[in-house]
Amino acid sequence: MTDDTAEIEDLPARGRSAGAPPGTRFAPSPSPVRDVPAAAPLEGRGLITCDNLVKIYKVADLEVVALQGLDLLVEPGEFVALVGASGSGKSTLMNILGGLDVPSAGRAVVAGHDLGDMGRRERTAYRRDVIGFVWQQTGRNLLGYLTARQNVELPMLLNGVSRSERERRATDLLGRMGLAERGDHRPDRLSGGEQQRTAIAVALANRPAVILADEPTGELDSVTAHEVFDLLRSVNQELGITIVVVTHDPLVSEQVSRTIAIRDGRTSSETLRRRAINAEGDHHVISEEYAVLDRVGRLQLPRAHVEALGLDRRVRLALEPDHISVWPDRERSGDDGREQDSQP
Ligand code: ADP
Ligand code: MG
């Protein structure tokens, strides 16, 4: 829903954006769930919640459905990787979570902010305080005529942070990013990796709840990419900041606790990883892939499974004591017109 549709809908007053000064953090508050019948409110269900999120772009007379009913739940303190083919909707999702674009339908709530229903002031405050954004293009993250330190101080300046506090925080952040000696350089004097590390420091300047990074290492060589990724991990572990990172790098996605695969504008599967110790005392990582079940019970079968059994249009389900079986529709494939009486 766009800002426009939100205005014409007869919504009860929420009393949380009106008149609040920029920078105000809004506590989660109960509000009606629209578009989704018979479900619990989203607020309080994690730091980031997307429910049946839809984004349609209109290009001339064509409609491009970039997100088609995407669900996502991220808990505070998580470090999550988003993966998926080009065009699957990852950047669209990141732009909505970043408050840069609005959903066409469905809901997205981040730290109590309903992203489809924010006024201009709340949106500005949200972008400045609640999230930090790191783009793939190094040139997009930093202002070229400011030094690294000035770039880090700028978001604080816009937020009215005192000079001494700005200097203190910028020194701390540049130090954390291994840039203590580089703060006086402009971006064109920094390497690609240094620029992205500066970009992370900028994103952290106003102590956001979430860092969103859209292929932040996409333009870096693999060694530099891993340095940048290690810094993101330390930001997550040491500062407790929730991170959502879009990546194509399989090595990166193997290091996070949860990888979410997006396919055709939906979350299609999740891979969870945990460390375990085997009988010989060796540490290793166990990773398990799950299909995603949405709030009304829909799930997307992996394409390989569908193709292996030639599943098409409908399947038979059988509830077993501890699992559900899915059978091909033999009646269709057999096409003998008779009532099917034998289950496989
Ligand atoms: P990804 O980041 O996974 O590669 P995107 O979110 O950029 O995917 O794109 C998803 C789909 O939406 C694609 O089909 C893309 O062409 C389309 N799309 C993205 N942004 C726009 C836009 N601003 N206008 C029109 N179509 C867009
Ligand atoms: Mg993209």
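Attention here is on the structure that accompanies the text. (Residues numbered from 1 in each chain as written. Chains lettered and ligands numbered in written order. Predicted model: local features only at pLDDT ≥ 70, side-chain atom pairs only at ≥ 80, totals over all residues. Heavy atoms only, no water.)

## Remarks on the environment of E238
Link 1 in the chain: Among the secondary structure elements, E238 is positioned in helix 8 (residues 222–239).
Link 2 in the chain: Note on E238: relative accessible area 57%, which makes it exposed.
Link 3 in the chain: A polar contact of 3.2 Å, which involves the side chain of E238, links it to the side chain of R176. (Helix = DSSP H or I, 4+ residues; strand = E, 2+ residues; numbered from the N terminus. Buried < 20%, exposed > 50% of the residue type's maximum accessible area, 1.4 Å probe, protein only. Polar contact = N/O pair within 3.5 Å; in protein donor to acceptor, adjacent residues only side chain to side chain.)

## A few points about helix 2 (residues 90–97)
Link 1 in the chain: Counting buried residues along helix 2, seven of its eight residues qualify, which places the element largely inside the surrounding structure.
Link 2 in the chain: Here helix 2 has its buried residues at K90, T92, L93, M94, N95, I96 and L97.
Link 3 in the chain: Taken from the residues just after helix 2, G99 is the one with a positive phi, measuring 75 degrees.

## A word on the pattern of salt bridges
Link 1 in the chain: The tally for this structure, following the rule as stated, stands at 18 salt bridges.
Link 2 in the chain: Notably, a salt bridge pairs E167 with R163, separated by 3.2 Å at the nearest N-O pair. Of the two residues, E167 and R163 both sit in helix 6 (residues 163–176), four residues apart, roughly one turn of that helix.
Link 3 in the chain: E167 sits in the partly exposed class, given a relative accessible area of 35%. (Salt bridge = Lys/Arg side-chain N within 4 Å of Asp/Glu carboxyl O.)

## Considering unusual backbone geometry
Link 1 in the chain: The phi dihedral of R207 is positive, around 50 degrees, even though this residue is not glycine.
Link 2 in the chain: Position of R207 among the secondary structure elements: in the loop between helix 7 (192–204) and strand 7 (210–214).
Link 3 in the chain: What makes R207 partly exposed here is its relative accessible area of 48%.
Link 4 in the chain: The backbone phi angle of E215 is positive, close to 50 degrees, even though this residue is not glycine.
Link 5 in the chain: On the basis of relative accessibility, which here comes to 16%, the residue E215 falls in the buried class.

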